[in-house]
Amino acid sequence: MTGFDTNHDDPSKVSPLATDGDIPHDAGNDVKLSSRDQREALACEPKCIICGRYGEYICDETDDDVCSLECKQSLLCRIAKSTSPVGGLPPPRKLPAADECFYVRDTGCVSGTPSLASDQAESLRKKLDIHVKGDVVAPVLSFSSCNLPDKLLHNIEAAGYDLPTPVQMQAIPAALTGKSMLVLAETGSGKSASFLIPIVSRCVSHRLAFVSDKKNPLAIVLTPTRELSIQVEEHAKLLGKGLPFKTALVVGGEAMAGQLYRIQQGVELIVGTPGRLVDLLIKHEIDLDDVMTFVLDEVDCMLQRGFRDQVLQIYRALSQPQVLMFSATMSNDLEKMANSLAKATVVISVGEPNRPNKAVKQLAIWVESKQKKQKLFDILGSEKHFMPPVLIYVGSRLGADLLANAITVATGIKAVSIHGEKSMKERREIMQSFLVGEVPVVVATGVLGRGVDLLGVRQVIVFDMPNSINEYVHQIGRASRMGEEGQAMVFINEENKNVFAELVDVLKSGGAAVPRELVNSRYTAGFFSGVKGSKKRKHR
């Protein structure tokens, strides 16, 4: 078998058969794509040189035992980097005989990078529910498969990333090609790293290739909120640590002079909100001619908040950059925006857009407005139902302040509020206290509904149902991070009738029970009668 032999073909490495009683037999002849698909090695079996699992295969190029295609790619990339002339960048020529490898071939992503063959790529996409539209390179199974600088790979590992998530598997190699993309994936799926890793890699490569005293920004990331911008910039700093990669944060609530000075000193990446960056462009001269990558994170939220004209104004100040748009939901406005910013945009989606994260278990509670506070206090006072840290969403800034105070007084549980009227200093201190566990409950407006990475949160309570079902999907998505299970409770009553039909659809798609009052409501009568009617016709 050329390029990827099984150990069963080597007499010296034949494993005992399952009939021996204590040795599991691996059914099927499909090559394992990932080390996660491979079992642990027994004492008498060969072990993978990369991860230590069952070394079912032998890599022809090195004669080493490997457990899967993923680990073979990692092995070949490790060899490539060991011969690289500059800081982990890919060598100028292909790996010896790499183009002859069965299951592994060269890709157009980065010179010298091993990639999945087309049939293996399709199999992986189907397994992970990845859908692509346009000319897209194959997904990768490990971060080392994209010939990233060694220091960046070290930073990725130090940041806590083990293996890429499904959206990262496809979006990172696609972004490295320089093509414009629209990426749709559920909240908490790892979208930020999907654009930050390619940005750091491309910026570092550019700085090494074109040494100059003039260091204009090379990339811009726009987000709809200050909190999300702060988080993205901090994440970028972690990934770019020790590399020629500096960042500038451009948001309201901070002195504009300091932000301008930092940009003028030379940075690779600007992260900010549309309004503040437009202010800087109008009032001061900022050279954005070198920007290669323009990212719109949570772009659907930016459109909902009325940032469309500001985004277009910033885009017109750039020189035909790669445009990367990321969102958890899809809309007609988003599709129009994508068409106006870039041609031949590659579309990548993971799972179903506009659907809640499947790891979040939804619980809809019908409760009249006057009883909502008491119902909340009952939940927070229950050992069974209270799972701190808890994030509670309300519809107004005043409501956030009042509810946080009421929780503290009525239950004795420390609760604080966060919203747009608080200063950046206050908001940062509140977020820090919440994330380290000093404050078990935060009551927030939609300012924390988009993109913000709340790692410890596993319970979200939607006290005031938003007017947009997409906003609801984002809010409950805070209860899960990277597929970890979480719980979302939502209070509903007749005041939310404008979203009843969509809410029923979302609840049913997530396998959640629909309250009797919602089923019997005249605003959902058509929905349920249609379902029942279709079932009757099916049985005729």
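Because the structure is a prediction, the values reported are computed rather than measured.

1. Thoughts on the overall build of the chain
Move 1: Counting its secondary structure elements, the chain contains 18 helices and 19 strands.
Move 2: Counting contacts in the chain only where the partners sit at least 6 residues apart, residues at least 24 apart contribute 69% of the total.
Move 3: Of the accessible surface of the chain, which amounts to about 24100 Å², a share of 50% is contributed by carbon and sulfur atoms.

2. With respect to the confidence of the model for the chain
Move 1: The predicted model of the chain averages 80 in pLDDT, with 81% of residues at 70 or higher.
Move 2: Of all helices and strands in the chain, the one with the weakest mean pLDDT is strand β4 (residues 104-106) (29), whereas strand β8 (residues 219-222) scores best (97).
Move 3: When the criterion is pLDDT under 50, residues 8-28 qualifies, and its contacts beyond four places in sequence or with other chains add up to 27 contacts.
Move 4: Considering only residues more than four positions removed or in separate chains, one finds that residues 530-540, a stretch of pLDDT under 50, has zero contacts.

3. Re the side chain of S521
Move 1: Checked against the element boundaries, S521 lands in the loop between α17 (516-519) and α18 (525-539).
Move 2: Excluding anything up to four places from it in sequence, S521 contacts E494 and F500.

4. A word on the nonpolar core
Move 1: Ranked by size, the top nonpolar core spans 45 residues in total, and within it I156, M181, F195, I197, I199 and L269 carry the most contacts.
Move 2: Of the residues forming this core, the biggest block, eight residues, is contributed by helix α5 (residues 191-209).
Move 3: When sequence neighbours within four positions are dropped, the list of residues in contact with M181 reads A171, A174, A175, V323, L324, M325, T345, V346 and I348.
Move 4: Counting 35 residues, the second largest nonpolar core, distinct from the first, contains V291, L303, L312 and L341.

5. Some points on the sheet that holds strand β13 (residues 346-350)
Move 1: An order of β6-β13-β7-β12-β11-β8-β10-β9 is seen for the eight strands of this open sheet, with the pairing classed as mixed. The open sheet has two free edges, formed respectively by β6 (130-133) and β9 (247-250), since each of these has just one partner strand. Averaged over all adjacent pairs, the angle separating strand axes in this sheet is 15°, with direction ignored.
Move 2: One ladder, built from four bridges, connects strand β7 (residues 181-185) with strand β12 (residues 322-327); its direction is parallel. Paired with M181 across the bridge in β12 is L324.
Move 3: Against the sheet, helix α7 (residues 256-264) contacts β9 and β10 (269-272), and its axis sits at roughly 155° relative to β9.
Move 4: Running over the sheet, helix α11 (residues 332-341) touches β7, β11 (293-297) and β12 and is turned about 170° from β12.

6. Side note on the sheet that holds strand β16 (residues 415-418)
Move 1: The sheet built from six strands is open, its strands ordered β14-β19-β18-β15-β17-β16 with parallel pairing. The sheet terminates laterally at β14 (360-366) and β16, the two strands that pair on one side only. Strand-to-strand twist in this sheet, taken as the mean axis angle between neighbours without regard to direction, amounts to 20°.
Move 2: In terms of strand pairing, strand β18 (residues 459-462) meets strand β19 (residues 486-492) through four bridges, oriented parallel.

7. Examining the state of the cysteines
Move 1: By the definition in use, this model includes zero disulfides.
Move 2: Take C48: it sits in no disulfide, and the sulfur closest to it among the cysteines is that of C71, at 3.7 Å.
Move 3: C48 sits in the buried class, given a relative accessible area of 5%.

So, how was this worked out
Residues numbered from 1 in each chain as written. Predicted model: local features only at pLDDT ≥ 70, side-chain atom pairs only at ≥ 80, totals over all residues. Heavy atoms only, no water. Helix = DSSP H or I, 4+ residues; strand = E, 2+ residues; numbered from the N terminus. Contact = heavy atoms within 4.5 Å. Areas by Shrake-Rupley, 256 points an atom, 1.4 Å probe, with all protein chains shown as cover. pLDDT = per-residue confidence, 0-100. Core = buried A, V, L, I, M, F, W, Y, C linked by side-chain atoms within 4.5 Å. Buried < 20%, exposed > 50% of the residue type's maximum accessible area, 1.4 Å probe, protein only. Pairing = 2+ DSSP bridges. Axes fitted to C-alpha atoms, helices over the stretch in contact; angles between N-to-C directions. Disulfide = S-S within 2.5 Å.

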